[in-house]
Amino acid sequence: MKPFSLLLFFVVILSGAAPSSAQTNLEWATLAAPEAHRENATVYGYDENGTFVLLREGSNHLVCIGDDPAKEGFSVVAYHKDLDPFMARGRELKAMGKSLDEIFATREAEAQSGQLVIPDKSTLTVYQADLDENGSPINPYLRYVVYIPFATAEETGLPTGPMSDGGPWIMDPGTHRAHIMITPARKD
């Protein structure tokens, strides 16, 4: 468990003034979503044992994934619900002990065969942050991904690497995971 999770737990228990850890999990897990869509998003996160769980079933088009307490730093994501089968398959393969290369190859074969459908033009937003002395996220940084399965640099006219701060580029061109990366410069 991350130090900020333990600290938050003690702040909640001792002060009674802080939101519940479940409420904090929901609020923090939705930080990558546009504010107007956070309340009704489906939210997955991690329970007190570090197990990946459904925190809330949503009613809109977004899925949010909370910060993994086993990983260093703070990072949450939001994506269109049509991407959930693709994301869930990656989590399933990871849980089976597959390497990143094996996960990529398996999903590539499944997408090529039509077994795994990756929607065109669905988006994913990554919200990363530093943590303050109380374990709360500060200095947020957003990165954007627009999935365009099997698209190439030649088809899109996009470069295969960033040409300028924040400029779009295509990552994994020609594969199931082809996507436009938009990575604004991080403010110091």
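Above this text is the structure in question.
Just so it is clear, the structure is predicted and the values come from calculations on it, not from any experiment.

Within the chain, the secondary structure is distributed over six helices and eight strands. Its helices and strands taken in sequence order, the chain reads α-α-α-β-β-β-β-α-α-β-β-α-β-β from the N to the C terminus. Buried positions account for 38% of the 188 residues belonging to the chain. By sequence separation, contacts in the chain at least 24 residues apart represent 45% of the contacts at least 6 residues apart. In the structure as shown, the chain presents an accessible area of about 10,700 Å², 54% of it carried by carbon and sulfur atoms.

Our focus in this paragraph is the pairing of strand β6 (residues 137-147). Remember that side chains alternate between the two faces of the sheet whenever the strand is regular. As defined by bridge partners, strand β5 (residues 123-131) adjoins β6 across eight bridges and the pair is classed as antiparallel. From the neighbouring strand, threonine 125 faces β6, where its bridge partner is tyrosine 144. Taking the residues between adjacent antiparallel strands as the criterion, β5 and β6 are bridged by five residues, where glycine 135 takes a positive phi near 85°. Sheet analysis places β6 next to strand β8 (residues 179-182), joined by four bridges and oriented antiparallel. Across the sheet, tyrosine 147 pairs through a bridge with histidine 179, a residue of β8.

Our next topic: the pattern of salt bridges. Taken as a whole, this structure holds five salt bridges when the rule is applied. In this structure, the salt-bridge partner of lysine 121 is aspartate 120, at a minimum N-O distance of 2.9 Å. Aspartate 172 is paired through a salt bridge with arginine 177; the nearest N and O atoms lie 2.6 Å apart. Connected through shared salt-bridge partners, Arg89, Glu92 and Glu110 make up one network.

Further remarks concern the environment of threonine 183. Examined against the element boundaries, threonine 183 turns out to sit in the segment after β8. On a C-alpha basis, the gap between threonine 183 and proline 162 in space is 8.4 Å, while along the polypeptide they are 21 residues apart. Those residues in contact with threonine 183 that lie beyond four places of it in its chain are Tyr141, Arg143, Asp165, Gly166 and Trp169.

Moving on to the sheet that holds β8. Pairing is mixed across the open sheet formed by eight strands, whose spatial order is β2-β1-β3-β4-β5-β6-β8-β7. Where the open sheet ends on each side, the last strands, each with one partner, are β2 (52-56) and β7 (169-171). On average, each strand axis in the sheet is tilted by 25° relative to the strand beside it, whichever way the strands run. Where helix α4 (residues 84-95) meets the sheet, it contacts β1 (42-46), β2, β3 (62-65), β4 (74-80), β5 and β6, and its direction lies at approximately 140° from that of β4.

Thresholds applied
- Residues numbered from 1 in each chain as written.
- Predicted model: local features only at pLDDT ≥ 70, side-chain atom pairs only at ≥ 80, totals over all residues.
- Heavy atoms only, no water.
- Helix = DSSP H or I, 4+ residues; strand = E, 2+ residues; numbered from the N terminus.
- Buried < 20%, exposed > 50% of the residue type's maximum accessible area, 1.4 Å probe, protein only.
- Contact = heavy atoms within 4.5 Å.
- Areas by Shrake-Rupley, 256 points an atom, 1.4 Å probe, with all protein chains shown as cover.
- Pairing = 2+ DSSP bridges.
- Salt bridge = Lys/Arg side-chain N within 4 Å of Asp/Glu carboxyl O.
- Axes fitted to C-alpha atoms, helices over the stretch in contact; angles between N-to-C directions.

That is the geometry; function is a separate question.
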